[in-house]
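# Understanding the architecture of this molecule
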Amino acid sequence: SRARRGRSRKEMSTIVRRCDGGAERVWQASGGPTEHKFDPYDFNGGTTLAISGEDFVMVAADTRMSSGYSILSRKVSKLHKVGERTMLAAAGCQTDVVALVNTLQTRHRMYVHQTGKGMTTTALAQMLSNTLYYKRFFPYYAFNVLAGLDADGKGAVYSYDAIGSFQRVPFSASGSGQSYVIPLLDNILCHKNRQDPQPPLTPQLAVEFAKEAFVSAGERDIHTGDAVEIAVVTKDGITTETFQLKQD
Amino acid sequence: GEQPFSEPPGDDRSRARSPSGSSSGAWRGMATVAGPGEEGSGGGFSFELCARNAKLAATLPQGSRLPAAMKTGTTICGVVYKDGVVLGADTRATGGSEVADKNCAKIHYLAPNIYCCGAGTAADTEQTTALISSQLELLRLSTGTQSRVVAAVTLLKRMLFRYQGHVSAALVLGGVDVAGAHLYQIYPQGSTGKLPYVTMGSGSLAAMSVFETGYRDDMDEADAVDLVKDAIFGGIFNDLGSGSNCDITIIRSATGLAEERRNFRTPNDVGQLRALYARPASLVPPPGATAILETQVEIFDAQPMDL
C-alpha cells in the first residue's frame, strides 16, 4: 500500500493522534511475536472475621480498600446482607465481591418471589458454594465468610475458599490479616492449649474479641486498618457498630 | 563463575568481606561478593547461587515461598532551610505485606555534620551507610578536617554504581560543611541529585505533594521542621509501606552539629486505641492455664569463681 512504500516488512505502524487534532503514522521495528498478558485480578486487601454463639452470630470486617501500596478508600463496607438473617463478609478483589453479592441477592430475591419465603442460612451457604464453583476456571477472587442463624436459631458460620469448598465452623477469619487473627482467636476464644475455664460466649464478648483481633491485625498487616464494621445478628435483627482503627 | 565487573585497583575497603567466602549463609540473598584472593575474584558479584535458589524454590511445598528480604517501604525526605538542613523519616519496616518492625530508625549517622536517610532494602541501607561512615572517619583522621557532604555523596555513588543497582539503597543525604548546607538524593543505580528538597521511598509521592505545596526558600527552623513532619505524615497515612512514627534530624550550619529527634511525633500509638474498648479477660491466662506435661529438674553444682 502507499503507506508502506519503501518500508521493510519488519516494520509496523500505528496512527498517533496529536494534541493539536492532527494525526501521524509512527513506524517502529517489530521484534517478532508479542505476548499480551491478561491480568484481570487486583488484590484490594482487607480482613474479615465471624464468630458464632449460642443464639447469635457476630461478623466483622475492616473498611479499608487498597491497591498496591495505595489506599483507594477508607470507608468501603465488606459486610453484605444476603438473606433475612444472613450476612456475607468478603475480602479480596472488590469488583468480584460486588458481582458475587449482586448475583446472590438477585437469586435470593427470585427465590422469595417464587416460594414466598426467605432462604435459610444453610440453603444460602450451599447456593454460594454452587455459584463459586460455577466459575471454577475463572474464579471470583473473593474470600468469603457467610454468617447467620440456622434452623434451630443457633449461630452458624461458613468459611469458603475461592472456588466454593465450604465448611461450617465455630469461627472463621479470612483475608490479608487472617494469619494474625486465627491464632489469637484459637487461644482466647476457643481456649486451645489452655485448661482454664472458658467463660460463656455473649454478643458483647464476641464484639470485644473482634476489636482486639482487628487492632492487633492492623498493627502488622498493612492492608488492614482505618475502621472495623461489626454486625451482630440475632433473631431480633442485625445491629451494626463501627470502631475506628489506626489509619497508617 | 563469570566475573562481569572489574575491580578498580586498591579499592579493598569497599568490598564486603565474608569469613567463609562467597557461599557463606547466603540462602537469603541472590548473590555474594567474592573476597580477595579467592578463585576467580576480580570483585563484583558472583551469581552462582541464583541457579541454586531457583532450584530450591521449585522444590518447596505448594504455596510456600523463600522469605523476602526486608524492605523498608518508607517515606524519607529532606529540606534545606535558612540555617541548615532538616531530614525526616517514618519508622515502618515491611517484609512483603507484613510489618516487620514498627519503630525502626531510618536516619543514619555518617559524620557529626552529615546524616543519611535510607529507603529500599534495610540491610543494604544499614551496611552501606555504616561503611561510608567508617570511611569518612578514617578520612577525617587522615586529613584532620571536617567531612564534606560531597565526599560522602561521592563515596556512596561510586559504590552503588559499581554494584549496578543490586545494592538496593535509595538515600536522602543531608549535611553542613564549610561550603554551606547541602541536600542530595542518591538512587540505587548510583545517580545523584542536589536539590533544596527531596523525597524517596514508596511514600515519596505523598511527601513530595506536601513539599510542592509548602516549600519556600529560606524558611526558618520551625517552619522547616513542620513541613518535613507534614510530608512524612503524608507518607505515613497515605502509603501502606510507611507508617508508625516520624523521626526528625536537624543539622545546623552555625554549629556544624546535628540534633536527633527520634520519635519526634507518635501519631499511631496503639496504647491510646486499646484504651477505647474493653479488652477480653482471656488475654491474660491465669497461672495453671498451661498444662504441665513433664517436669525435669537438673541441679548444676555451681561454684563461684575466684579471680
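Here the structure is a predicted model, which means the values were calculated and not measured. Residue indices begin from 1 for each chain and proceed along its sequence in written order. All chains are assigned letters beginning with A, and all ligands numbers beginning with 1, in the order in which they are written. With the structure being a predicted model, the display of local features is reserved for residues of pLDDT at least 70 and the display and counting of side-chain atom pairs for 80 or more, all residues being used for whole-chain, interface and lining totals. Excluding hydrogens and water, the side-chain figures rest on all heavy atoms present in the structure.

Once that is clear, we can look at unusual backbone geometry. Phi angles above zero are rare outside glycine, and A:Asn193 is one such case at about 60°. For A:Asn193, the position within the fold is in the loop between helix H3 (178–188) and helix H4 (203–220). Only protein chains enter the calculation, and the probe is 1.4 Å; a residue is then buried if its accessible area is under 20% of its type maximum, exposed if over 50%, and partly exposed in between. Overall, the relative accessible area of 75% leaves A:Asn193 in the exposed class. Although it is not a glycine, B:Thr74 adopts a positive phi angle of roughly 95°. Segments assigned H or I by DSSP are reported as helices when at least four residues long, segments assigned E as strands when at least two residues long, and all are numbered from the N terminus. Locating B:Thr74 in the fold gives a position in the loop between helix H1 (48–59) and strand E3 (76–81).

Our next topic: the sheet that holds strand E13 (residues 227–234) of chain A. Residue and element names in this part refer to chain A. Spatially, five strands are ordered E12-E3-E4-E13-E14 in an open sheet, and the strand pairing comes out antiparallel. Pairing within the sheet leaves two strands with one partner each, and these edge strands are strand E12 (171–175) and strand E14 (237–244). Neighbour to neighbour, the strand axes of the sheet diverge by 15° on average, direction disregarded. Here five bridges tie strand E3 (residues 47–52) to E12, and the two strands are oriented antiparallel to one another. Bridge pairing in E12 places Leu49 opposite Ala173. Note on contacts: a residue pair is in contact if any heavy atoms of the two residues lie within 4.5 Å. Angles here are taken between N-to-C directions and fall from 0 to 180 degrees, while the axes themselves are lines fitted to C-alpha atoms, restricted in helices to the stretch in contact. The sheet strands contacting H3 are E3 and E12, and the helix crosses E12 at an angle near 165°. Between any two strands, at least two bridges found by DSSP are needed for them to pair.

To continue, consider the pattern of salt bridges. When a carboxyl oxygen of Asp or Glu is within 4 Å of a side-chain nitrogen of Lys or Arg, the pair counts as a salt bridge. Taken as a whole, this structure holds 21 salt bridges over all chains when the rule is applied. Residue A:Asp196 pairs with A:Arg194 through a salt bridge whose shortest N-O separation is 2.9 Å. For the pair A:Asp196 and A:Arg194, one class covers both residues: buried. With a shortest N-O distance of 2.7 Å, B:Glu221 and B:Arg252 are connected by a salt bridge. On the criterion of sequence distance, the pair formed by B:Glu221 in helix H5 (residues 221–238) and B:Arg252 in strand E13 (residues 246–252) is long-range, its members being 31 residues apart. Overall, the relative accessible area of 23% leaves B:Arg252 in the partly exposed class. What you see here is one network of salt bridges that share partners, running through B:Glu221, B:Arg252, B:Glu259 and B:Arg261.

In this description, a nonpolar core means a group of buried Ala, Val, Leu, Ile, Met, Phe, Trp, Tyr and Cys residues linked to one another through side-chain atoms lying within 4.5 Å. Counting residues in each nonpolar core, the largest one holds 29 residues, and the members touching the most others are A:Leu49, A:Ile51, A:Met58 and A:Leu185. Every element with two or more residues in this core is listed here: E3, strand E4 (57–62), E12, H3, H4 and E13 of chain A together with helix H6 (270–274) of chain B. The biggest single contributor to this core is H4(A), with nine residues.

With that settled, consider the interface of chain A and chain B. Taken residue by residue, the interface counts 33 residues in chain A and 36 residues in chain B. Surface buried jointly by chain A and chain B totals about 2900 Å² across both partners, of which 55% is contributed by carbon and sulfur atoms. There are four salt bridges connecting chain A and chain B. Put simply, A:Asp248 and B:Arg92 hold a salt bridge, and the shortest N to O gap is 3.4 Å. What qualifies as a polar contact is a pair of N or O atoms within 3.5 Å, subject to a donor-acceptor requirement within protein and to the restriction that residues adjacent in sequence count only when both atoms come from side chains. Linking chain A to chain B there are 18 residue pairs in polar contact (both at pLDDT 80 or more). Elements represented by at least two residues in the side of chain A that touches chain B include exactly strand E6 (70–73), H3, H4 and E14 of chain A. Here the nonpolar group is Ala, Val, Leu, Ile, Met, Phe, Trp, Tyr, Cys and Pro; Asp, Glu, Lys and Arg are the charged ones; every other residue, Gly included, is treated as polar. Broken down by class, the residue content of the side of chain A that touches chain B amounts to 10 nonpolar, 11 polar and 12 charged. By convention, the term buried area covers the 1.4 Å-probe accessible surface removed from two parts as they join, with the contributions of both added.

This paragraph deals with the packing of aromatic side chains. All names here are of chain A. Within 6.5 Å between ring centres, the rings of Phe, Tyr and Trp (the latter by its six-membered ring) count as paired, and their orientation is classed by plane angle as stacked under 30 degrees, edge-to-face over 60, tilted in between. By the definition in use, this model includes 12 aromatic pairs over all chains. Taken together, a centroid distance of 6.0 Å and an interplanar angle of 50° make the contact between Tyr158 and Phe166 tilted. The exposure class assigned to Phe166 is partly exposed, which follows from its relative accessible area of 28%. Here a set of aromatic residues connected by ring pairs shows up, and it is made of Phe38, Tyr41, Phe43, Phe138, Tyr141 and Phe143.

This brings us to the sheet that holds strand E4 (residues 84–90) of chain B. All names here are of chain B. With antiparallel pairing, the five strands of this open sheet are ordered in space as E12-E3-E4-E13-E14. Each edge of the open sheet carries a strand with a single partner, namely strand E12 (197–200) and strand E14 (257–265). Here the strands of the sheet are splayed against their neighbours by 15° on average, with no regard to which way each runs. Bridging between E13 and E14 involves six bridges; their strand directions are antiparallel. Counted as the bridge partner of Cys246 is Arg265 from E14. Those strands touched by helix H4 (residues 204–214) are E3 and E12, and its axis lies near 160° from that of E12. The sheet strands contacting H5 are E3, E4, E13 and E14, and the helix crosses E13 at an angle near 150°.

Let's shift gears to the confidence of the model for chain B. With 81% of its residues at a pLDDT of 70 or more, chain B has an overall mean of 86. Both scores are available for the predicted complex, with the pTM at 0.80 and the ipTM at 0.82. For every residue, the pLDDT score states the predictor's confidence, bounded by 0 at the bottom and 100 at the top.

Looking now at the packing of H4(B) against H5(B). All names here are of chain B. At a closest axis distance of 7 Å, the pairing of H4 and H5 adopts a crossing angle of 150°. The handedness of the crossing between H4 and H5 comes out as right-handed. Within the contact between the two elements, H4 uses Ala206, Ala207, Val210, Phe211 and Gly214 and H5 uses Leu227, Val228, Asp230, Ala231, Gly234, Gly235 and Asn238. Within the contact of H4 with H5, the residues separate by chemical class into seven nonpolar, four polar and one charged. Helix crossings get a hand from a simple test, with the near helix turned counterclockwise from the far one by less than a right angle marking a left-handed crossing and a clockwise turn marking a right-handed one.

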